[in-house]
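# Examination of the molecular architecture
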Amino acid sequence: QLVESGGGLVQAGGSLRLSCAASGSIFAVNSMGWYRQAPGKQRELVATITSTFTPNYPDSVKGRFTISRDNARNTVYLQMNSLKPEDTAVYYCNLRNYLTSSSSQNYWGQGTQVTVSS
């Protein structure tokens with residue numbers, strides 16, 4: 001189970017911090033992260049971080065967003081700064097348990113709305 005919190009409404013240039021707490025089956029080798037989906041668009045990667053703390057960002061958020069995790073709490077965070085109206089979307093938490101290097105189980109949170117006003 002993935003429980004997200006921290007979404008909301010913010011003005012352009014502002015900041016928000018998302019949190020996602022995982023429970024249940026969490027493998028030692030995993031990746032946690034955030035994806036987002038705006039109306040009429042496909043779900044896209046925002047940031048991921050491995051269980052060994054290696055982050056990954058697309059260019060669209062690099063330098064503005066920072067992902068971190070607390071393995072003791074099975075929680076992942078997303079600090080979003082310098083928000084833009086185009087960041088408006090539903091943000092989904094993701095947990096990927098790796099069974100092998102080529103096989104994984106994927107879990108999703110219920111989503112949290114982030115709205116950035118201009």
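Please refer to the structure placed before this passage.
For clarity, every value in this text was computed on a predicted model and none was experimentally measured.

### A few points about the overall build of the chain
- Regarding its fold elements, the chain presents 0 helices and 11 strands.
- Ordered by position from N to C terminus, the α and β elements of the chain give β-β-β-β-β-β-β-β-β-β-β.
- Taken over C-alpha atoms, the radius of gyration comes to 14 Å for the chain, in line with the 13 Å a tight globule of 118 residues would show.
- Expressed as lengths along the three principal axes of its C-alpha atoms, the size of the chain is roughly 45 × 30 × 25 Å.
- The burial tally for the chain puts 42% of its 118 residues in the buried class.
- With an accessible surface of roughly 6200 Å², the chain has 49% of that area assigned to carbon and sulfur atoms.

### Considering the environment of Asn 56
- With respect to the element layout, Asn 56 can be found in strand β6 (residues 55-56).
- Sequence spacing of Asn 56 and Val 46 is 10 residues, and the spatial spacing of their C-alpha atoms is 8.5 Å.

### Here we look at the nonpolar core
- Ranked by internal contacts, the top residues of the largest apolar core, which has 26 residues, are Trp 34, Leu 78, Met 80 and Tyr 91.
- Mapped by element, the contributors of at least two residues to this core are β3 (16-22), β4 (30-37), β5 (44-50), β7 (65-70), β8 (75-80), β9 (89-100) and β11 (112-117).
- Not counting residues within four places of it along the chain, the set of residues in contact with Tyr 91 comprises Glu 4, Leu 18, Trp 34, Tyr 35, Arg 36, Val 46, Phe 65, Leu 78, Met 80, Gly 111, Thr 112 and Val 114.

### Considerations on the pattern of salt bridges
- Tallying each qualifying case throughout the model produces 5 salt bridges.
- Arg 36 serves as the salt-bridge partner of Glu 44, at 2.7 Å between the closest nitrogen and oxygen.
- Asp 87 is paired through a salt bridge with Arg 64; the nearest N and O atoms lie 2.7 Å apart. Residue Asp 87 is found in the loop between β8 and β9, and its partner Arg 64 is found in the loop between β6 and β7; the two are separated by 23 residues along the sequence.

### Quick look at the state of the cysteines
- Inspection of the entire model under this criterion finds 1 disulfide.
- Cys 20 shares a disulfide with Cys 93; S-S distance 2.0 Å. Here Cys 20 and Cys 93 share a disulfide; its torsion about the S-S bond, -85°, makes the bridge left-handed. Remark: Cys 93 occurs in strand β9 and Cys 20 occurs in strand β3; sequence separation between them is 73 residues.

Rules used in this analysis
Residues numbered from 1 in each chain as written. Predicted model: local features only at pLDDT ≥ 70, side-chain atom pairs only at ≥ 80, totals over all residues. Heavy atoms only, no water. Helix = DSSP H or I, 4+ residues; strand = E, 2+ residues; numbered from the N terminus. Rg over C-alpha atoms; globule rule 2.2 N^0.38 Å. Buried < 20%, exposed > 50% of the residue type's maximum accessible area, 1.4 Å probe, protein only. Areas by Shrake-Rupley, 256 points an atom, 1.4 Å probe, with all protein chains shown as cover. Core = buried A, V, L, I, M, F, W, Y, C linked by side-chain atoms within 4.5 Å. Contact = heavy atoms within 4.5 Å. Salt bridge = Lys/Arg side-chain N within 4 Å of Asp/Glu carboxyl O. Disulfide = S-S within 2.5 Å.

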